[in-house]
Amino acid sequence: MLVTFRAVFVSLMRNPGLLVWAVGLPLALSTMFIFMFDSLERNDAMGELPVVVALGEGAGGTAEDGFGGLAAGWSDAGSFAGSVDDEGAFLRFVEAVSADGDPDGDGLLSVTYASSAEEAQRLVADSQGGDDAFVGYIAFEGGQPRAYLYPTTETVADLAKQSIVVLLLDQYVSRASLVRGIVQSDPMLLADGRLIAAMTDPFEATERISVTQNPLSEKVRYYFALLGFAALSCATMGLTAVLGLRGCSGPLGARRAVGGVSHSRALLGTLLASWAASFLCLLAVFLFMSLTVDFGDRVLGCLAVLLVASLTAVSLGCAVAVIPKLPDSTRAGIITAVTCMAALFTGLYGQPTMELADRIARAVPASTLVNPAAQIAEAFYGLLYYDSFAPTLGHLAILLAMCAVLFALSARALRRQRYASL
């Protein structure tokens, strides 16, 4: 049996057609996902906000200039205990929150200074449409900073940027007003370093926590669907290996049929070899995928899922191989059709198919129970996001039940065959 195992394993791993389908295509799709999602994440990431600061008193803009004025702390200035009228203090604040003023270079703002309001308006207007368009410009007028934000397409990202600028200036106005009120009422309070630290430290009203084992990421659904696709692609290895057992498959099959190794041992060695080859192909795809998907401390669990997934692929290939009176090319076509259809209902082919898969799963929950690709993807999803292994074990149990059914359907046809001639 070991000789059979080695011979079948080597023949499978040396078959370029099988390797292209089982390894090459999943690796190519995974590479495409890496570049696609990396570009999207860079676009969605919010870095330093580019703004222009207009120097000098009275720098302002009008609606006719294309700017909408939003004053930071635009409540009546008289409602504050004192007015914020020190432009030098404000410029020091701007420098402190800019990238140039942060020791680590992680400031909130990327500041460009303009000598006048007209120059600031021109800089902002000319930058629109580019990659680093200014959010707007800030002017210190009437004793308080005022933000003039350039109208945008009002996307979520643009509105978030504008809100950050306004909230940042609101924070400056409120804290500066608080300090001036303290100076007027009891200046000795400023000698307490804890009071100064409390006023200058950022206020955190909420704490960000994760309710899942790992942080949620939309892209992992595509990678898990791809793993399901890659697993079923390995069914061609089980198909090829089992077809090679037939005495009528060619000279090699005829020699194996009349050889000294019993049919049961040859069959067991063939199935184990195709299982091992499928697992190695899946492992190669998984290791490449782990460069961009963090599986945390669940790597051993992932290997267990890969073992069951590869066994499912072998059982599928075995079941298709014993269908009578079909040419080998038709059998390969059946494997391809099953793989592509199963991947369709896991959402591999984009956002529309992902939404279609979700709608079908909600309407007919049992549809995922007969889809091995969906069960493989859900098993990885359970490992990554659930504290308990129970969801993953449930999906693995379903996959093992599929294997048992497929092998049972193949058992009769896998018995030793008699041939009139070889």
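About the cut-offs
Residues numbered from 1 in each chain as written. Predicted model: local features only at pLDDT ≥ 70, side-chain atom pairs only at ≥ 80, totals over all residues. Heavy atoms only, no water. Helix = DSSP H or I, 4+ residues; strand = E, 2+ residues; numbered from the N terminus. Buried < 20%, exposed > 50% of the residue type's maximum accessible area, 1.4 Å probe, protein only. Contact = heavy atoms within 4.5 Å. Areas by Shrake-Rupley, 256 points an atom, 1.4 Å probe, with all protein chains shown as cover. Core = buried A, V, L, I, M, F, W, Y, C linked by side-chain atoms within 4.5 Å. Pairing = 2+ DSSP bridges. Expected span 1.5 Å × (residues − 1). Arc of directions from axis to C-beta. Salt bridge = Lys/Arg side-chain N within 4 Å of Asp/Glu carboxyl O. Phe/Tyr/Trp six-rings, centres within 6.5 Å; stacked < 30°, edge-to-face > 60°. Lys NZ or Arg CZ within 6 Å of the ring centre and 35° of its normal.

Participant: How should I be thinking about the overall build of the protein in this particular structure?
Facilitator: Counting its regular elements, the protein contains 15 helices and five strands. Within the protein, the proportion of its 422 residues that are buried is 39%. Within the protein, contacts between residues at least 6 apart in sequence are counted, and of these 77% link residues at least 24 apart. For the protein, the accessible surface area stands at approximately 22,300 Å², while carbon and sulfur atoms represent 62% of it.

Participant: Which parts of the structure should I look at to understand the environment of Gln-144?
Facilitator: Take Gln-144: it is sitting in strand S5 (residues 144-149). Taking C-alpha positions, Gln-144 is 10.0 Å from Ala-176, a pair spaced 32 residues apart along the chain.

Participant: Please clarify how the nonpolar core should be interpreted in this entry.
Facilitator: Looking at soluble globular proteins, one finds that nonpolar side chains tend to be buried together. Grouped together as the largest cluster of nonpolar side chains are 68 residues, with contacts concentrated most on Phe-224, Phe-295 and Phe-380. Ranked by size, the runner-up nonpolar core spans 21 residues in total, among them Val-53, Phe-93, Leu-168 and Val-173.

Participant: Where do I start with the pairing of strand S1 (residues 49-54) in this structure?
Facilitator: Walk down a regular strand and you will see the side chains alternate between the two sheet faces. Most of S1 is tucked away: six of the six residues are buried. Here S1 shows a buried face lined by Leu-49, Val-51 and Val-53 and a second buried face lined by Pro-50, Val-52 and Ala-54. The pairing of S1 with strand S3 (residues 109-114) spans six bridges and is classified as parallel. Bridged to Val-53 within S3 is Tyr-113. Bridging between S1 and strand S4 (residues 136-141) involves three bridges; their strand directions are parallel.

Participant: What should I look at first to understand helix H15 (residues 390-411) in this one?
Facilitator: Since one α-helical turn is 3.6 residues long, residues separated by three or four positions face the same way. When the terminal C-alpha atoms of H15 are compared, their 31 Å separation across 22 residues agrees well with the 32 Å that a helix rising 1.5 Å per residue should span. Listing the buried residues of H15 in full gives Thr-392, His-395, Leu-396, Leu-399, Met-402, Cys-403, Leu-406 and Ser-410. Down the axis, H15 shows its buried residues gathered within 115 degrees of arc, on one side only. Turned more than 90 degrees from where H15 packs its buried face, Leu-393 and Ala-408 sit exposed. Next to the buried residues of H15 lie helix H11 (299-321) and helix H14 (372-385).

Participant: Got a minute to help me understand the pattern of salt bridges in this structure?
Facilitator: Oppositely charged side chains are able to pair whenever their charged atoms sit close together. Per the stated rule, a full pass over the model turns up two salt bridges. Of the charged contacts in the structure, one is a salt bridge between Asp-328 and Arg-331, with a shortest N-O distance of 3.4 Å. Of this pair, Asp-328 and Arg-331 both sit in helix H12 (residues 328-344), separated by three residues, roughly a single helical turn. Accessibility expressed as a relative area gives 38% for Asp-328, which makes it partly exposed.

Participant: Just to check I follow, could you spell out unusual backbone geometry for this structure?
Facilitator: Generally, phi is negative for residues other than glycine and the peptide bonds are trans, each holding for most cases. One non-glycine residue, Lys-325, lies in positive phi territory at about 60 degrees. Along the chain, the position of Lys-325 falls in the loop between H11 and H12. Note on Lys-325: relative accessible area 84%, which makes it exposed.

Participant: How should I be thinking about the packing of aromatic side chains in this particular structure?
Facilitator: Aromatic ring pairs are described here by two measures, namely the spacing of the ring centres and the angle between the planes. Going through the model one piece at a time under the given rule, you end up with nine aromatic pairs. Members of the aromatic cluster, joined through ring pairs, are Phe-224, Phe-286, Phe-380, Tyr-381 and Tyr-385. Above the ring of Phe-389, the side-chain terminus of Arg-298 is found at 4.5 Å from the ring centroid.

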